Amino acid sequence: QVQLVESGGGLVQPGGSLRLSCVASGSIFSMYGMGWYRQAPGKQRELVAAITSGGRPNYTDSVKGRFTISRDNAKNTVYLQMNSLKPEDTAVYYCNEQPPRNDYWGQGTQVTVSS
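Overview of the structure. Only a predicted model underlies this, so the values are computations on that prediction, with no experimental measurement involved.

## Quick look at the side chain of Thr109
Step number 1: Structurally, Thr109 can be placed in strand 10 (residues 109–113).
Step number 2: On the basis of relative accessibility, which here comes to 8%, the residue Thr109 falls in the buried class.
Step number 3: Here Gly9 takes part through its backbone nitrogen, which lies 3.0 Å from a polar atom of the side chain of Thr109.
Step number 4: With residues up to four places along the chain from it excluded, the contact list for Thr109 reads Glu6, Ser7, Gly8, Gly9, Leu20, Ala91, Val92 and Tyr93.

Quick look at the structure:
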């Protein structure tokens, strides 16, 4: 059974940085594209960044130039480096395959950007 465990969230001031990690177990991690998703209160979950099995990244427009997705296949881990954070980045962040699988959603990690 696949498990995805996110970590690294927290409270940060506007303009600050955080690095999120997602460790995958129970799958052949290197074979799949992965994504970071977020859900803000009252809003639908959205794809923020994705990375192919070969390491090619893609970003939603609102985070381009600020967020960087990467992966370490040897560690079954995908990362999201978030810089220049804004209050509108406040959300619960999740990782999943891209496209996502409904049975893979984990607990997520809360990111709060506030002064």
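## Digging into a nonpolar patch on the surface
Step number 1: Together, Ile28, Met31 and Tyr32 make up a nonpolar patch on the protein surface, roughly 300 Å² of accessible area in all.
Step number 2: Looking at the element boundaries, Met31 is found in the loop between strand 3 (18–25) and strand 4 (34–39).
Step number 3: Here Met31 falls in the exposed class, since its relative accessible area comes to 52%.

Rules of the game
- Residues numbered from 1 in each chain as written.
- Predicted model: local features only at pLDDT ≥ 70, side-chain atom pairs only at ≥ 80, totals over all residues.
- Heavy atoms only, no water.
- Helix = DSSP H or I, 4+ residues; strand = E, 2+ residues; numbered from the N terminus.
- Buried < 20%, exposed > 50% of the residue type's maximum accessible area, 1.4 Å probe, protein only.
- Polar contact = N/O pair within 3.5 Å; in protein donor to acceptor, adjacent residues only side chain to side chain.
- Contact = heavy atoms within 4.5 Å.
- Patch = residues over 30% accessible without salt bridge, like charges linked within 9 Å, V, L, I, M, F, W, Y side chains within 5 Å.
- Areas by Shrake-Rupley, 256 points an atom, 1.4 Å probe, with all protein chains shown as cover.
- Salt bridge = Lys/Arg side-chain N within 4 Å of Asp/Glu carboxyl O.

As far as function goes, none of this settles anything; it's purely spatial.
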